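The chain contents come next:
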Amino acid sequence: MSAIRFVHVLTALTLAVAGCATTTAGMGGGDLHAQGRPEVPVLFSWTSPDGGINGNMVATLPDATFTGPFVQITQETRREALLPLWTGWNEGWNDWPYWSRPTLGPYDSVRFTRVYSGKVVANLRDVGGRSMRCRFHLDDPARGMSGGGLGECQLAGGRSVDAIINRS
């Protein structure tokens with residue numbers, strides 16, 4: 001093999017490995033709660049091209065699989081990045097605000113988008129168009145979703161999921 005061809009092959013392999021190294025992924029689990037029914041396990045997985053700031057999340061329930069975008073709120077987050085997350089829900093999730101739960105911290109709506117908060121929001125849908133919205137509080141915000149965290153999801157119709165994102 002010529003030296004030039006060897007360099008081209010080595011460069012292509014290096015770029016392929018570097019491309020794979022930039023995508024992060026992880027998993028988690030949770031329990032689906034529905035009034036009058038036993039808890040049911042839920043599986044979460046996520047992938048991100050930028051270390052867990054933005055990406056795609058999948059929640060697998062016994063009766064459906066929900067997929068959609070997630071966004072980690074940082075001081076660089078712009079309103080436009082959050083607009084797709086309101087689809088199918090009240091603008092800004094005013095009926096389910098992040099700052100209403102004392103265990104998640106006292107964040108008012110202005111501070112929520114300006115100050116790094118270690119919070120992730122997701123808006124997921126199944127193939128039938130049903131919605132699931134999720135909010136997570138990261139354990140190690142500097143590591144993004146890879147740092148793990150706790151959260152909860154709400155499905156249209158009143159079911160909810162307590163969720164854990166594993167450290168990866």
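The structure under discussion appears in the preceding block.
All figures in this text were calculated on a predicted structure; none of them were measured in a lab. (Residues numbered from 1 in each chain as written. Predicted model: local features only at pLDDT ≥ 70, side-chain atom pairs only at ≥ 80, totals over all residues. Heavy atoms only, no water.)

So, the overall build of the chain
Step number 1: Secondary structure assignment for the chain yields three helices and eight strands.
Step number 2: Walking the chain from its N terminus toward its C terminus, one meets helices and strands in the order α-β-β-β-β-α-α-β-β-β-β.
Step number 3: By residue count, 39% of the 168 residues in the chain fall in the buried class.
Step number 4: When contacts within the chain are restricted to residue pairs at least 6 apart in sequence, those whose partners lie at least 24 apart make up 48%.
Step number 5: Summed over its atoms, the accessible surface of the chain is roughly 9200 Å², and 59% of this surface lies on carbon and sulfur atoms. (Helix = DSSP H or I, 4+ residues; strand = E, 2+ residues; numbered from the N terminus. Buried < 20%, exposed > 50% of the residue type's maximum accessible area, 1.4 Å probe, protein only. Contact = heavy atoms within 4.5 Å. Areas by Shrake-Rupley, 256 points an atom, 1.4 Å probe, with all protein chains shown as cover.)

Observations regarding the pairing of strand 5 (residues 119–125)
Step number 1: Among the seven residues of strand 5, six are classified as buried, and the element is accordingly described as predominantly covered.
Step number 2: Bridging between strand 4 (residues 65–73) and strand 5 involves five bridges; their strand directions are antiparallel. In the strand pairing of strand 5, Phe70 is matched with Ala122.
Step number 3: With seven bridges joining them, strand 5 and strand 6 (residues 131–138) adopt antiparallel strand pairing. (Pairing = 2+ DSSP bridges.)

What about the sheet that holds strand 3 (residues 54–60)?
Step number 1: The eight strands are arranged 1-2-3-4-5-6-7-8 in a closed barrel whose pairing can be described as antiparallel. Between one strand axis and the next, the sheet turns by 25° as a mean value, whatever way the strands run.
Step number 2: Two elements, strand 7 (residues 149–155) and strand 8 (residues 160–165), share six bridges in a ladder whose sense is antiparallel. Each bridged residue has a counterpart across the sheet, and for Gln154 the counterpart in strand 8 is Ser160. (Axes fitted to C-alpha atoms, helices over the stretch in contact; angles between N-to-C directions.)

A closer look at the nonpolar core
Step number 1: Membership of the largest hydrophobic core comes to 23 residues, with the highest contact counts inside it found for Phe44, Met132 and Phe136.
Step number 2: Secondary-structure elements contributing two or more residues to this core are strand 2 (40–48), strand 3, strand 4, strand 5, strand 6, strand 7 and strand 8.
Step number 3: Considering every element that reaches this core, the biggest residue donor is strand 6, with four residues.
Step number 4: Non-local contacts of Met132, meaning those with residues more than four positions away in its chain, are made with Ala59, Leu61, Phe66, Trp89, Ala122, Asn123, Leu124, Cys153, Gln154, Leu155 and Val161.
Step number 5: Residues Val71, Ile73, Leu85 and Val121 belong to the second largest nonpolar core, which totals six residues. (Core = buried A, V, L, I, M, F, W, Y, C linked by side-chain atoms within 4.5 Å.)

A look at the packing of aromatic side chains
Step number 1: Throughout the structure, instances matching the rule amount to two aromatic pairs.
Step number 2: Between Trp46 and Phe70, the ring centres sit 6.2 Å apart and the planes meet at 85°, which makes this aromatic pair edge-to-face. Here Trp46, found in strand 2, pairs with Phe70, found in strand 4; they are 24 residues apart in sequence, far enough to count as distant.
Step number 3: Note on Trp46: relative accessible area 2%, which makes it buried.
Step number 4: Exposure remark for Phe70: the relative accessible area of 1% places this residue in the buried category. (Phe/Tyr/Trp six-rings, centres within 6.5 Å; stacked < 30°, edge-to-face > 60°.)

A few points about the pairing of strand 3
Step number 1: When strand 2 meets strand 3, the two strands line up antiparallel, connected through five bridges. For Leu43, the partnering residue across the bridge sits in strand 3 and is Thr60.
Step number 2: Once strand 2 ends, the chain turns through five residues before running back antiparallel as strand 3, passing Gly51 with a positive phi of about 80°.
Step number 3: From the end of strand 3 to the start of strand 4, which pair antiparallel, there are four residues.

Let's talk about the pattern of salt bridges
Where charged atoms from two side chains of opposite charge come close, those side chains can pair.
Step number 1: Taken as a whole and judged by the stated rule, the model has four salt bridges.
Step number 2: Asp63 is the salt-bridge partner of Arg130, the closest N and O atoms lying 3.8 Å from each other. On the criterion of sequence distance, the pair formed by Arg130 in the loop between strand 5 and strand 6 and Asp63 in the loop between strand 3 and strand 4 is long-range, its members being 67 residues apart.
Step number 3: Accessibility expressed as a relative area gives 37% for Arg130, which makes it partly exposed.
Step number 4: Accessibility expressed as a relative area gives 45% for Asp63, which makes it partly exposed.
Step number 5: As a salt-bridge pair, Asp63 and Arg159 come within 3.4 Å of each other at their nearest N and O atoms. Taken together, the residues Asp63 in the loop between strand 3 and strand 4 and Arg159 in the loop between strand 7 and strand 8 connect sequence positions 96 residues apart.
Step number 6: On the accessibility criterion, Arg159 (17% relative accessible area) is buried.
Step number 7: Via salt bridges that share partners, Asp63, Asp126, Arg130 and Arg159 belong to a single interconnected network. (Salt bridge = Lys/Arg side-chain N within 4 Å of Asp/Glu carboxyl O.)

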